[in-house]
Structure formats: C-alpha cells, structure tokens
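Reading the structure
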Amino acid sequence: MKINILGVAFDALTLGEAEERADALLCSGAGGYIVTANPEIVLRCREDAAYAAAVNGAELVLADGVGDLCAARILGTPLPGRVAGSDLVPRLLARLAERGGSVFLYGARPGVAERAGESLQSTCPGLRIAGTENGYISDETALLEALEREKPDLLLLGLGAPRQELWMAKNRQRTPAVMIGVGGLLDVFAGDIPRAPETWQRLGLEWLYRLLREPRRFKRVIRLPKILFLALRERK
Ligand code: UDP
C-alpha cells in the first residue's frame, strides 16, 4: 500500500516487510530501484518536479527518517515504522551472500568503495564484489561497461541525494541490477564513519549523532522541521 506524504508515495512497510519485498525484487531479476527517502529528500521533491518523478518512479520508497513518520502521523496516515537504508542494506547483503550473489559499489571518495567491498566480504562470506567505482568520476563510460559485463545482482549508489536517485531513474534500463541509493553508507562500511550507537538509533536521534560528528551538516539539518510545518499546514 502506498501512502502519500507531502507528494512522496511511501510504501507502508516495516523493516522486515521491506526486506522481503526488496529480496523478492532481487530474486526476480527484473531490476528496478529503491529509494530510502529521508525528510531532506521529501523537501527536495517539493521544490523539484523532475526529482519527485525520479523518487516516485522507484519500485520501493521507504521512510528513512523519524521526520517522515511524524509527518505521516500528523497527516492521519501513519507509516508502520522507520526503514533505514543502513538497516535494510546489510540484511539484503546477508541474503545475497547466502546465494553467492554479487554487489557493485559506486560512490564516495576514491578508495572508499574498495575498502567497503573488502570489509563486506569479511562480514558477509560468500558475497561477490562485482566491482567498485568512486563517486567523483566525470566519465561514466567504463562504469557502464563494467555494469554490463559483470551483471551484478545489486548496485549500491553512495552518491548522496539528489544525484543517486536521478542516476537510478535515468539508468534503470541499462542494468538488470536492483539499485539502492545509500548516501554515506559506503563510508560506514569502509569504517571511515561510525554509525550512531543503537540507543541513539532507537530514540530517533541518529541525525543528531551525525550532526555532532559532522557539524557542517547543520545547514542541512536546520531545514528538517519544515516537514512538520508542511504536514500541519496540509492537514488543515
Ligand atoms: N558523494 C559522491 N559524489 C559526489 C558527492 C558526494 O560520491 O559528487 C558521496 C560522498 O563522498 C558521501 C556520499 O556521497 O560518501 C554522501 O553522503 P551524505 O552524508 O551526504 O549522504 P546521506 O547519508 O546524508 O544521505
């Protein structure tokens, strides 16, 4: 079931249900892409119609932020829970590894995707790394050729929003891989950025943890309460 929150069509799924749906997509071989839409993505969709089309064109749109859940509640159409990419992706990789499947890692600064791949191979024995590419290349020819040649089951895009969602919408026909935009998760897999401790995650304070570690995010975070104001305005 889709629930429209401020113009973004979220799939009303728990983490476990999202895992099942995403894994079924992987097994189908039909490709497609998954967006984990945090409040920043929702706000951007309201300002950019092409971006909103890219987000809403995804096979699955998941609520990756407490702000999404609060807005949904204010609008009287609650979502069942937060589905963070950082929770979903490791579960999918574990399932993929059991089947001897492959993943391609695209994004982050040079060297990060390689190190992320090495780390994933040790945490998910059996997982094949089909290739890696950093997120700052200007010519994607070699990357697209590698994707065509290697045919990974899964493609993780750590390019940040909006680039990763626009890339997935544009290139969905070019690869049968299931694609997921993962933001800074490749840096986490590489061990460069720690994930918030579980207590912070449970309290819905992962954004605060990241803000304290990376104060330059302040300009981004300060805008986020806007999602609640918009929901309150739309409810009237
Ligand atoms: N990035 C990239 N290419 C770019 C801009 C950013 O590969 O042109 C990467 C950046 O190195 C980082 C990720 O995209 O690994 C964005 O992380 P951010 O923390 O902004 O994403 P979030 O997790 O907040 O969605």
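Before reading on, note that the structure itself is shown above.
Below you will find a few notes about this structure. (Residues numbered from 1 in each chain as written. Predicted model: local features only at pLDDT ≥ 70, side-chain atom pairs only at ≥ 80, totals over all residues. Heavy atoms only, no water.)

1. Description of the packing of aromatic side chains
Our working rule: Pairing of aromatic rings covers Phe, Tyr and Trp, the last through its six-membered ring, and needs centres within 6.5 Å; plane angles under 30 degrees mean stacked, over 60 mean edge-to-face, and all others mean tilted. A run of H or I in DSSP counts as a helix once it spans at least four residues, and a run of E counts as a strand once it spans at least two, with each numbered from the N terminus. Exposed residues in this analysis have more than 50% of their type's maximum accessible area, buried residues have under 20%, and partly exposed residues fall in between, with area computed by a 1.4 Å probe over protein chains only.
Across all of its chains, the model carries two aromatic pairs by this definition. An angle of 65° between the planes, with centres 5.7 Å apart, marks the rings of Tyr106 and Trp167 as edge-to-face. In this pair, Tyr106 sits in strand β5 (residues 102–107) while Trp167 sits in helix α8 (residues 163–171), placing the two residues 61 residues apart along the sequence. Given the relative accessible area of 7%, Trp167 is considered buried.

2. Digging into the site of the ligand
Test applied: To be near a molecule or strand, a residue needs just one of its heavy atoms within 4 Å of it. Whenever a nitrogen or oxygen atom comes within 3.5 Å of another N or O atom, the pair is scored as a polar contact, on the condition that within protein one atom can donate a hydrogen and the other can accept it, and that pairs from neighbouring residues in sequence are kept only if both atoms are in side chains. Note on areas: Shrake-Rupley, 1.4 Å probe, and residue coverage restricted to the protein chains presented here. Residues are grouped as follows: Ala, Val, Leu, Ile, Met, Phe, Trp, Tyr, Cys and Pro are nonpolar; Asp, Glu, Lys and Arg are charged; all remaining types, including Gly, are polar.
Not every one of the 15 residues close to the ligand is listed here, only the nearest: Ala108, Gly135, Arg163, Asp187 and Arg217. Separating an oxygen atom of the ligand from a side-chain N or O atom of Tyr136 is a distance of 3.0 Å. In the model, an oxygen atom of the ligand is placed 2.8 Å from a nitrogen or oxygen of the Arg163 side chain. For the ligand, the protein covers 77% of the area, taking 550 Å² as the surface of the free molecule. For the shell around the ligand, the class distribution of residues is three nonpolar, six polar and six charged.

3. A look at the pairing of strand β1 (residues 2–5)
Note the threshold: Here, strands pair whenever DSSP counts at least two bridges between them.
Only one face of β1 is buried: it carries Ile3 and Ile5, and the other face, with Lys2 and Asn4, is open. When β1 meets strand β2 (residues 8–11), the two strands line up antiparallel, connected through four bridges. When the sheet's bridge partners are listed, Ile3 is paired in β2 with Phe10. The turn joining β1 and β2, which pair antiparallel and follow one another in sequence, is formed by two residues; a positive phi near 55° is taken by Leu6.

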